[in-house]
Amino acid sequence: MSLALTDLCRYPIVQAPMAGGVSCPQLVGAVAEAGGLGFLAAGYKTADGMYNEIKQLRGLTGQPFGVNLFMPQQALADPSAVEVYRHQLAGEAAWYDTPLGDPDSSGDDGYEAKVAILLDDPVPVVSFTFGCPARDTLDAFAGAGTFTVVTVTSPQEARNAQWAGADAVCVQGVEAGGHQSTHHDDAQAGLTGTGLLSLIAQVRETVQLPIVAAGGLMRGSQIAAVLAAGADAAQLGTAFLACPESGAHLLHKQALTNPLFVTTALTRAFSGRPARGLANRFVREHGPYAPAAYPQVHHLTSGLRKAAAKAGDAQGMALWAGQGHRMARELPAGELVELLATETDAAWAAVSGRGAQ
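Residues numbered from 1 in each chain as written. Predicted model: local features only at pLDDT ≥ 70, side-chain atom pairs only at ≥ 80, totals over all residues. Heavy atoms only, no water.

A. Broad picture of the overall build of the protein chain. Within the protein chain one finds 15 helices and eleven strands. In terms of C-alpha radius of gyration, the protein chain reaches 19 Å, essentially the compact-globule figure of 21 Å for 357 residues. On the principal axes, the C-alpha backbone points of the protein chain span a range of 60 × 45 × 40 Å. A burial count over the protein chain gives 57% of its 357 residues as buried. A separation threshold of at least 6 residues defines the contact pool for the protein chain, and within that pool the share at least 24 residues apart is 69%. Approximately 14600 Å² of the protein chain is accessible, and the part contributed by carbon and sulfur atoms is 54%. Within the protein chain, one finds 22 positive and 32 negative side-chain charges whose respective centroids are separated by 5 Å. (Helix = DSSP H or I, 4+ residues; strand = E, 2+ residues; numbered from the N terminus. Rg over C-alpha atoms; globule rule 2.2 N^0.38 Å. Buried < 20%, exposed > 50% of the residue type's maximum accessible area, 1.4 Å probe, protein only. Contact = heavy atoms within 4.5 Å. Areas by Shrake-Rupley, 256 points an atom, 1.4 Å probe, with all protein chains shown as cover. Lys, Arg positive; Asp, Glu negative; His and termini not counted. Charge placed at Lys NZ, Arg CZ, Asp CG, Glu CD.)

Encoded structure:
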(Lines give C-alpha, C1' and ligand atoms only; values in the text may rest on other atoms or scores of the structure.)
Protein backbone atom coordinates (compact mmCIF):
# COMPACT_ATOMS: atom_id res chain seq x y z
CA MET A 1 0.00 0.00 0.00
CA SER A 2 1.03 3.63 -0.34
CA LEU A 3 2.48 5.23 2.79
CA ALA A 4 -0.72 7.16 3.58
CA LEU A 5 -2.95 4.10 3.24
CA THR A 6 -0.51 1.99 5.25
CA ASP A 7 -0.84 4.44 8.12
CA LEU A 8 -4.62 3.99 8.16
CA CYS A 9 -4.95 0.23 8.58
CA ARG A 10 -2.91 -2.90 9.28
CA TYR A 11 -4.37 -4.86 6.37
CA PRO A 12 -5.18 -3.69 2.81
CA ILE A 13 -8.85 -4.39 3.53
CA VAL A 14 -11.50 -1.67 3.36
CA GLN A 15 -15.11 -2.17 4.44
CA ALA A 16 -17.29 -0.41 1.90
CA PRO A 17 -19.65 2.38 2.97
CA MET A 18 -23.12 0.91 2.47
CA ALA A 19 -25.89 3.46 2.88
CA GLY A 20 -29.29 2.74 4.36
CA GLY A 21 -28.06 1.75 7.81
CA VAL A 22 -25.82 -1.18 6.82
CA SER A 23 -22.48 0.47 7.63
CA CYS A 24 -23.38 1.25 11.23
CA PRO A 25 -20.89 2.19 13.99
CA GLN A 26 -20.83 -1.38 15.34
CA LEU A 27 -19.69 -2.80 11.98
CA VAL A 28 -17.17 -0.05 11.30
CA GLY A 29 -15.73 -0.29 14.80
CA ALA A 30 -15.30 -4.06 14.59
CA VAL A 31 -13.52 -3.79 11.23
CA ALA A 32 -11.23 -1.03 12.48
CA GLU A 33 -10.34 -2.92 15.66
CA ALA A 34 -9.39 -5.98 13.58
CA GLY A 35 -7.00 -4.01 11.38
CA GLY A 36 -9.14 -3.06 8.41
CA LEU A 37 -10.40 0.38 7.40
CA GLY A 38 -14.10 0.75 8.13
CA PHE A 39 -16.40 3.36 6.60
CA LEU A 40 -19.54 4.99 7.90
CA ALA A 41 -22.07 5.81 5.18
CA ALA A 42 -23.46 9.33 5.54
CA GLY A 43 -25.72 8.96 2.51
CA TYR A 44 -29.46 9.32 3.25
CA LYS A 45 -28.68 10.63 6.76
CA THR A 46 -29.02 14.15 8.10
CA ALA A 47 -25.86 16.02 9.04
CA ASP A 48 -26.75 15.61 12.72
CA GLY A 49 -27.39 11.91 12.19
CA MET A 50 -23.95 11.54 10.61
CA TYR A 51 -22.28 13.39 13.48
CA ASN A 52 -24.04 11.30 16.10
CA GLU A 53 -22.80 8.11 14.42
CA ILE A 54 -19.25 9.50 14.33
CA LYS A 55 -19.43 10.22 18.07
CA GLN A 56 -20.78 6.72 18.71
CA LEU A 57 -18.02 5.15 16.61
CA ARG A 58 -15.32 7.10 18.45
CA GLY A 59 -16.61 5.50 21.64
CA LEU A 60 -16.08 2.05 20.11
CA THR A 61 -12.60 2.42 18.61
CA GLY A 62 -9.59 4.64 18.58
CA GLN A 63 -8.49 3.29 15.21
CA PRO A 64 -8.75 5.27 11.94
CA PHE A 65 -12.03 5.14 10.02
CA GLY A 66 -13.71 6.87 7.12
CA VAL A 67 -16.96 8.65 6.30
CA ASN A 68 -18.54 8.53 2.85
CA LEU A 69 -20.54 11.42 1.36
CA PHE A 70 -22.93 11.51 -1.58
CA MET A 71 -22.25 14.37 -3.99
CA PRO A 72 -25.25 16.65 -4.75
CA GLN A 73 -27.21 15.61 -7.84
CA GLN A 74 -28.54 17.96 -10.48
CA ALA A 75 -32.21 17.67 -11.38
CA LEU A 76 -31.83 16.43 -14.96
CA ALA A 77 -34.67 13.91 -15.02
CA ASP A 78 -37.65 14.25 -17.33
CA PRO A 79 -40.61 15.00 -15.01
CA SER A 80 -43.00 13.27 -17.40
CA ALA A 81 -40.95 10.05 -17.26
CA VAL A 82 -41.04 10.15 -13.46
CA GLU A 83 -44.80 10.66 -13.55
CA VAL A 84 -45.25 7.68 -15.87
CA TYR A 85 -43.22 5.54 -13.46
CA ARG A 86 -45.34 6.81 -10.57
CA HIS A 87 -48.44 5.47 -12.31
CA GLN A 88 -46.73 2.15 -12.95
CA LEU A 89 -45.97 1.83 -9.23
CA ALA A 90 -49.59 2.49 -8.21
CA GLY A 91 -50.24 -1.25 -7.94
CA GLU A 92 -47.28 -1.63 -5.56
CA ALA A 93 -48.60 1.18 -3.38
CA ALA A 94 -51.98 -0.53 -3.21
CA TRP A 95 -50.42 -3.95 -2.50
CA TYR A 96 -48.30 -2.66 0.39
CA ASP A 97 -50.97 -0.18 1.48
CA THR A 98 -48.53 2.72 1.59
CA PRO A 99 -48.33 6.00 -0.35
CA LEU A 100 -45.60 6.70 -2.87
CA GLY A 101 -43.00 9.25 -1.83
CA ASP A 102 -42.43 12.78 -3.10
CA PRO A 103 -40.01 12.63 -6.03
CA ASP A 104 -39.24 16.33 -5.65
CA SER A 105 -37.55 15.95 -2.27
CA SER A 106 -34.06 17.43 -1.91
CA GLY A 107 -31.27 16.04 -4.07
CA ASP A 108 -28.25 17.45 -2.22
CA ASP A 109 -28.34 14.95 0.71
CA GLY A 110 -27.26 17.71 3.12
CA TYR A 111 -23.84 17.76 1.48
CA GLU A 112 -22.67 21.24 2.48
CA ALA A 113 -23.68 20.77 6.13
CA LYS A 114 -21.89 17.43 6.29
CA VAL A 115 -18.74 18.89 4.76
CA ALA A 116 -18.82 21.72 7.29
CA ILE A 117 -19.05 19.27 10.20
CA LEU A 118 -16.22 17.11 8.86
CA LEU A 119 -13.98 20.14 8.42
CA ASP A 120 -14.80 21.46 11.89
CA ASP A 121 -14.25 18.08 13.57
CA PRO A 122 -12.08 16.09 11.14
CA VAL A 123 -12.07 12.32 10.68
CA PRO A 124 -9.12 10.37 9.21
CA VAL A 125 -10.69 9.65 5.81
CA VAL A 126 -13.54 11.04 3.72
CA SER A 127 -14.67 9.43 0.47
CA PHE A 128 -17.11 10.65 -2.15
CA THR A 129 -19.73 8.90 -4.27
CA PHE A 130 -21.58 10.08 -7.42
CA GLY A 131 -19.04 12.70 -8.37
CA CYS A 132 -15.87 14.59 -7.50
CA PRO A 133 -15.72 17.62 -5.18
CA ALA A 134 -14.27 20.93 -6.26
CA ARG A 135 -10.56 21.50 -5.72
CA ASP A 136 -11.13 23.99 -2.91
CA THR A 137 -13.15 21.40 -0.98
CA LEU A 138 -10.45 18.75 -1.34
CA ASP A 139 -7.81 21.34 -0.42
CA ALA A 140 -9.78 22.18 2.70
CA PHE A 141 -9.85 18.53 3.74
CA ALA A 142 -6.12 18.27 3.08
CA GLY A 143 -5.60 21.28 5.33
CA ALA A 144 -7.63 19.55 8.04
CA GLY A 145 -5.40 16.47 7.78
CA THR A 146 -8.10 14.30 6.19
CA PHE A 147 -7.21 11.72 3.53
CA THR A 148 -9.66 11.95 0.60
CA VAL A 149 -10.86 9.22 -1.77
CA VAL A 150 -13.03 9.73 -4.86
CA THR A 151 -14.97 6.75 -6.20
CA VAL A 152 -14.55 6.36 -9.98
CA THR A 153 -15.81 4.04 -12.70
CA SER A 154 -13.63 5.13 -15.63
CA PRO A 155 -10.11 6.40 -16.38
CA GLN A 156 -11.50 9.86 -17.19
CA GLU A 157 -13.21 10.10 -13.81
CA ALA A 158 -9.93 9.07 -12.17
CA ARG A 159 -8.09 11.77 -14.15
CA ASN A 160 -10.61 14.36 -12.98
CA ALA A 161 -10.16 13.24 -9.36
CA GLN A 162 -6.40 13.56 -9.62
CA TRP A 163 -6.69 17.01 -11.15
CA ALA A 164 -9.05 18.11 -8.35
CA GLY A 165 -6.55 17.04 -5.68
CA ALA A 166 -7.89 13.73 -4.34
CA ASP A 167 -5.42 11.61 -2.35
CA ALA A 168 -6.68 8.31 -3.81
CA VAL A 169 -9.36 6.80 -6.02
CA CYS A 170 -11.70 3.93 -5.29
CA VAL A 171 -11.97 2.09 -8.60
CA GLN A 172 -15.39 0.46 -8.79
CA GLY A 173 -15.93 -2.37 -11.24
CA VAL A 174 -19.30 -3.32 -12.68
CA GLU A 175 -19.35 -6.40 -10.41
CA ALA A 176 -19.94 -4.21 -7.33
CA GLY A 177 -23.13 -4.35 -5.33
CA GLY A 178 -25.20 -1.23 -4.76
CA HIS A 179 -25.02 1.92 -6.86
CA GLN A 180 -22.55 2.39 -9.65
CA SER A 181 -20.70 5.56 -8.70
CA THR A 182 -20.62 7.13 -12.14
CA HIS A 183 -20.04 10.88 -11.96
CA HIS A 184 -22.71 11.46 -14.60
CA ASP A 185 -25.59 9.06 -15.10
CA ASP A 186 -25.87 8.71 -18.87
CA ALA A 187 -29.25 7.21 -19.70
CA GLN A 188 -28.10 6.55 -23.28
CA ALA A 189 -25.22 4.36 -22.09
CA GLY A 190 -27.58 1.74 -20.71
CA LEU A 191 -26.87 -0.57 -17.79
CA THR A 192 -23.25 -1.33 -18.57
CA GLY A 193 -19.84 -1.00 -16.98
CA THR A 194 -16.22 -2.18 -16.99
CA GLY A 195 -14.95 -5.22 -15.11
CA LEU A 196 -12.72 -4.52 -12.11
CA LEU A 197 -9.43 -6.06 -13.29
CA SER A 198 -9.60 -4.28 -16.63
CA LEU A 199 -10.53 -1.03 -14.94
CA ILE A 200 -7.65 -1.22 -12.45
CA ALA A 201 -5.18 -1.60 -15.30
CA GLN A 202 -6.68 1.32 -17.22
CA VAL A 203 -6.71 3.62 -14.20
CA ARG A 204 -3.19 2.61 -13.15
CA GLU A 205 -1.93 3.75 -16.55
CA THR A 206 -3.92 6.98 -16.33
CA VAL A 207 -3.18 8.44 -12.87
CA GLN A 208 -0.48 8.31 -10.21
CA LEU A 209 -2.89 8.03 -7.27
CA PRO A 210 -3.23 5.07 -4.90
CA ILE A 211 -6.06 2.73 -5.92
CA VAL A 212 -8.65 1.07 -3.73
CA ALA A 213 -10.30 -1.70 -5.79
CA ALA A 214 -14.00 -2.52 -5.38
CA GLY A 215 -16.32 -4.93 -7.14
CA GLY A 216 -17.50 -8.41 -6.21
CA LEU A 217 -14.58 -9.23 -3.89
CA MET A 218 -15.39 -11.93 -1.32
CA ARG A 219 -12.20 -13.92 -0.66
CA GLY A 220 -8.57 -13.24 0.17
CA SER A 221 -7.48 -14.78 -3.13
CA GLN A 222 -9.44 -12.06 -4.92
CA ILE A 223 -7.82 -9.39 -2.72
CA ALA A 224 -4.42 -10.78 -3.73
CA ALA A 225 -5.49 -10.67 -7.37
CA VAL A 226 -6.42 -6.98 -7.34
CA LEU A 227 -3.25 -6.11 -5.43
CA ALA A 228 -1.25 -7.94 -8.07
CA ALA A 229 -3.18 -6.05 -10.75
CA GLY A 230 -2.04 -2.71 -9.33
CA ALA A 231 -4.42 -1.82 -6.52
CA ASP A 232 -3.11 -0.65 -3.13
CA ALA A 233 -6.08 -1.97 -1.15
CA ALA A 234 -9.33 -3.86 -1.69
CA GLN A 235 -12.79 -2.66 -0.70
CA LEU A 236 -15.48 -5.22 0.18
CA GLY A 237 -19.14 -4.52 0.83
CA THR A 238 -21.27 -7.59 0.25
CA ALA A 239 -18.73 -9.69 2.17
CA PHE A 240 -19.57 -7.70 5.31
CA LEU A 241 -23.35 -7.60 4.75
CA ALA A 242 -23.95 -10.92 6.49
CA CYS A 243 -21.88 -10.05 9.58
CA PRO A 244 -23.87 -9.87 12.84
CA GLU A 245 -22.67 -6.27 13.33
CA SER A 246 -24.06 -5.21 9.94
CA GLY A 247 -27.18 -3.05 10.06
CA ALA A 248 -28.69 -4.83 7.05
CA HIS A 249 -32.22 -6.18 7.43
CA LEU A 250 -32.31 -9.87 8.37
CA LEU A 251 -34.15 -10.70 5.13
CA HIS A 252 -31.37 -9.00 3.18
CA LYS A 253 -28.71 -11.04 4.95
CA GLN A 254 -30.59 -14.29 4.41
CA ALA A 255 -31.25 -13.54 0.74
CA LEU A 256 -27.51 -13.47 -0.07
CA THR A 257 -27.35 -17.27 0.05
CA ASN A 258 -31.06 -18.07 -0.44
CA PRO A 259 -31.53 -20.40 -3.46
CA LEU A 260 -34.43 -18.18 -4.57
CA PHE A 261 -31.95 -15.46 -5.52
CA VAL A 262 -29.44 -16.96 -7.90
CA THR A 263 -28.24 -13.88 -9.74
CA THR A 264 -27.79 -10.13 -9.55
CA ALA A 265 -28.79 -7.41 -12.00
CA LEU A 266 -28.05 -3.77 -12.64
CA THR A 267 -31.33 -1.90 -12.28
CA ARG A 268 -32.81 1.58 -11.93
CA ALA A 269 -36.02 0.16 -10.44
CA PHE A 270 -35.52 1.37 -6.87
CA SER A 271 -33.56 4.61 -7.23
CA GLY A 272 -33.38 5.76 -10.85
CA ARG A 273 -29.61 5.14 -10.92
CA PRO A 274 -27.89 1.92 -12.01
CA ALA A 275 -27.40 -0.27 -8.95
CA ARG A 276 -26.60 -3.97 -8.60
CA GLY A 277 -28.89 -6.08 -6.45
CA LEU A 278 -30.41 -9.52 -6.21
CA ALA A 279 -32.86 -10.05 -9.05
CA ASN A 280 -36.24 -10.23 -7.30
CA ARG A 281 -39.83 -9.62 -8.41
CA PHE A 282 -39.61 -5.83 -8.14
CA VAL A 283 -36.47 -5.71 -10.29
CA ARG A 284 -37.94 -7.98 -12.94
CA GLU A 285 -41.29 -6.19 -13.15
CA HIS A 286 -40.15 -2.57 -12.91
CA GLY A 287 -36.48 -2.48 -13.90
CA PRO A 288 -37.12 -2.34 -17.67
CA TYR A 289 -39.34 0.74 -17.27
CA ALA A 290 -37.57 2.77 -14.57
CA PRO A 291 -36.33 6.15 -15.83
CA ALA A 292 -32.88 7.63 -15.30
CA ALA A 293 -34.07 9.84 -12.47
CA TYR A 294 -31.99 9.86 -9.28
CA PRO A 295 -32.86 10.72 -6.55
CA GLN A 296 -36.45 11.21 -7.70
CA VAL A 297 -37.14 7.48 -8.06
CA HIS A 298 -35.33 6.81 -4.78
CA HIS A 299 -37.75 9.13 -2.98
CA LEU A 300 -40.70 7.70 -4.91
CA THR A 301 -40.01 4.11 -3.83
CA SER A 302 -38.77 4.77 -0.30
CA GLY A 303 -42.07 3.94 1.38
CA LEU A 304 -42.55 0.83 -0.76
CA ARG A 305 -39.16 -0.56 0.27
CA LYS A 306 -39.84 0.05 3.94
CA ALA A 307 -43.31 -1.48 3.70
CA ALA A 308 -41.94 -4.59 1.96
CA ALA A 309 -39.36 -5.04 4.70
CA LYS A 310 -42.00 -4.60 7.40
CA ALA A 311 -44.19 -7.18 5.67
CA GLY A 312 -41.28 -9.63 5.45
CA ASP A 313 -41.41 -9.59 1.66
CA ALA A 314 -37.88 -9.78 0.21
CA GLN A 315 -39.37 -9.69 -3.31
CA GLY A 316 -40.16 -6.01 -2.85
CA MET A 317 -36.94 -4.91 -1.14
CA ALA A 318 -33.78 -3.39 -2.59
CA LEU A 319 -31.40 -6.29 -1.92
CA TRP A 320 -28.14 -4.66 -2.96
CA ALA A 321 -25.41 -7.25 -3.52
CA GLY A 322 -22.32 -7.81 -5.64
CA GLN A 323 -21.79 -10.65 -8.07
CA GLY A 324 -20.05 -12.77 -5.41
CA HIS A 325 -23.00 -12.73 -3.02
CA ARG A 326 -23.31 -16.54 -2.88
CA MET A 327 -19.90 -16.60 -1.17
CA ALA A 328 -21.08 -14.57 1.84
CA ARG A 329 -20.00 -15.88 5.25
CA GLU A 330 -21.90 -15.25 8.48
CA LEU A 331 -18.88 -14.36 10.57
CA PRO A 332 -18.28 -11.57 13.09
CA ALA A 333 -16.67 -8.67 11.25
CA GLY A 334 -13.40 -8.89 13.16
CA GLU A 335 -13.07 -12.60 12.40
CA LEU A 336 -13.85 -11.95 8.75
CA VAL A 337 -11.09 -9.33 8.49
CA GLU A 338 -8.57 -11.72 10.04
CA LEU A 339 -9.68 -14.58 7.76
CA LEU A 340 -9.48 -12.40 4.66
CA ALA A 341 -5.96 -11.31 5.66
CA THR A 342 -4.91 -14.94 6.18
CA GLU A 343 -6.41 -15.95 2.83
CA THR A 344 -4.62 -13.08 1.11
CA ASP A 345 -1.26 -14.12 2.56
CA ALA A 346 -1.91 -17.74 1.56
CA ALA A 347 -2.72 -16.69 -2.01
CA TRP A 348 0.50 -14.68 -2.25
CA ALA A 349 2.48 -17.61 -0.85
CA ALA A 350 0.92 -20.03 -3.33
CA VAL A 351 1.75 -17.79 -6.28
CA SER A 352 5.28 -17.21 -4.99
CA GLY A 353 5.75 -20.93 -4.52
CA ARG A 354 4.68 -21.70 -8.07
CA GLY A 355 6.94 -18.96 -9.36
CA ALA A 356 9.94 -20.45 -7.55
CA GLN A 357 9.44 -23.89 -9.12
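Next, the rest of the story.
B. Seen up close, unusual backbone geometry. Following Tyr294, the chain continues to Pro295 via a peptide bond in cis, the omega torsion being 5°. By the secondary structure assignment, Pro295 is in the loop between helix H13 (281-286) and helix H14 (296-310). Although it is not a glycine, Asp109 sits at a positive phi angle of roughly 55°. Relative to the elements of secondary structure, Asp109 occurs in the loop between helix H5 (90-96) and helix H6 (111-120). The exposure class of Asp109 is buried, given its relative accessible area of 18%. Of note, the phi angle at Phe130 is positive, near 75°, even though the residue is not glycine.

C. Broad picture of the pairing of strand S5 (residues 147-152). In terms of burial, S5 is largely enclosed, as six of its six residues are buried. With burial as the criterion, each face of S5 is covered, one bearing Phe147, Val149 and Thr151 and the other bearing Thr148, Val150 and Val152. By the bridge criterion, four bridges tie strand S4 (residues 125-129) to S5 in an arrangement that is parallel. Residue pairing in the sheet places Ser127 in a bridge with Val149 of S5. Following the backbone out of S4, through helix H7 (residues 135-143) and into the adjacent parallel S5, one traces a crossover that is right-handed. Across four bridges, S5 lies against strand S6 (residues 168-172) in parallel orientation. Bridge pairing in S6 places Val152 opposite Val171. (Pairing = 2+ DSSP bridges. Right-handed = clockwise from strand over helix to strand, strands pointing away.)

D. Molecular detail of the pairing of strand S2 (residues 38-41). Residues Gly38 and Leu40 line one face of S2 and the alternating positions Phe39 and Ala41 line the opposite face, and both faces are buried. Note: S2 against strand S3 (residues 65-70), four bridges, orientation parallel. From the neighbouring strand, Gly38 faces S3, where its bridge partner is Phe65. For the crossover that starts at S2, traverses helix H3 (residues 47-58) and ends in the parallel S3, the hand is right-handed.

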